[in-house]
Amino acid sequence: MTTLDLKKLTSCGSDWESNQYKILIKVREWLSSFNKNRLFPSIEEAIQFNLALEDLLRENIESKLWFDNEIRGQNSNDRVLVYEKAHQIGNQLDKLLNFIDWALQLNRPVLEEGRIIKNFVEDNLILSRLSTVEKNYHGKGYFCLPDNKNELLNIYLYEIIWDWSQDELYQRIHSVLIRSIPQNIIDGSIEEVITDLIRTSQDLHEPVAYIFETDLDFPYEETMFPIAEEMLLKHLAS
């Protein structure tokens, strides 16, 4: 699945009709993924595309206003040449602004459908803490998440990492799968499985453990796992 390069799509001399077709194909890909309940990476691509469009819209509205003011204040003996040039540039700016507005309108239902699926999964994904401690000083712990489609219980070792992005400090989560247990061989409760893991853990002192519970069997890698990670990160950061 290729990503959209907005700079190429809106470059000088662009073939607007051809570029509209490229965006339509991508939007159909995103919606097709959503129809199969596959949220990622389509939702991230659609969000980033929308943010880039909004930035481009702001920049070019400012350019349009500046350009119009400059032309009105232009004093030249060769007015015909000035206005002819202005007319050409103004037409290009108008085409670009119309193209951006069209793309934003086209992408709006994609964002809405993605939001609906994500909210539904979050509402049906229950997070609870099993351990006596809530946070580990090293930002590490365990969580388990059922893969109902494949009838597995997956257990992860997670770590909260501080990182920089454009001079801003932010948190991200890194998870490593340490055990995958077929659900049909689990004799006791999930709580007992995780408690036993904590008891025998050699990696962490006073490990933190969280349990996700859900009856959903949505695609695991494309939907359940990334949403679970995001929910856990928000919980730990709150």
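Here's a quick rundown of the structure. (Residues numbered from 1 in each chain as written. Predicted model: local features only at pLDDT ≥ 70, side-chain atom pairs only at ≥ 80, totals over all residues. Heavy atoms only, no water.)

Some words on the nonpolar core
With 43 residues, the main nonpolar core has Val 121, Leu 125, Phe 143, Leu 145, Tyr 158, Phe 212 and Leu 232 as its most contacted residues. Ranked by residues supplied to this core, first place goes to helix H6 (residues 220–237) with nine residues. Contacts of Phe 143, omitting those with residues within four sequence positions, involve Asn 154, Ile 155, Tyr 156, Tyr 158, Ser 175, Tyr 210, Phe 212, Phe 225, Glu 229 and Leu 232. Tyr 142, Ile 155, Leu 197 and Ala 209 belong to the second-largest nonpolar core, a separate cluster that totals 11 residues. (Core = buried A, V, L, I, M, F, W, Y, C linked by side-chain atoms within 4.5 Å. Buried < 20%, exposed > 50% of the residue type's maximum accessible area, 1.4 Å probe, protein only. Helix = DSSP H or I, 4+ residues; strand = E, 2+ residues; numbered from the N terminus. Contact = heavy atoms within 4.5 Å.)

Describing the sheet that holds strand E2 (residues 140–147)
Across the sheet, which stays open at both edges, the five strands sit in the order E1-E5-E2-E3-E4 with mixed pairing between neighbours. Pairing within the sheet leaves two strands with one partner each, and these edge strands are strand E1 (126–129) and strand E4 (168–182). Across the sheet, the mean angle from the axis of one strand to that of its neighbour is 25°, orientation sign disregarded. As judged from the four bridges shared by E2 and strand E5 (residues 208–213), these two strands associate in the parallel manner. Looking across to E5, one finds that Cys 144 is bridged to Ile 211. In this fold helix H5 (residues 190–199) packs onto E2, strand E3 (152–165), E4 and E5, with an angle of close to 160° to the strand it touches most, E5. (Pairing = 2+ DSSP bridges. Axes fitted to C-alpha atoms, helices over the stretch in contact; angles between N-to-C directions.)

Digging into H6
Its 18 residues place the ends of H6 24 Å apart at the C-alpha level, agreeing with the 26 Å of an ideal helix rising 1.5 Å per residue. Turning to H6, its buried residues are Tyr 220, Thr 223, Met 224, Phe 225, Pro 226, Ile 227, Ala 228, Glu 229, Met 231, Leu 232, Leu 233 and Leu 236. (Expected span 1.5 Å × (residues − 1).)

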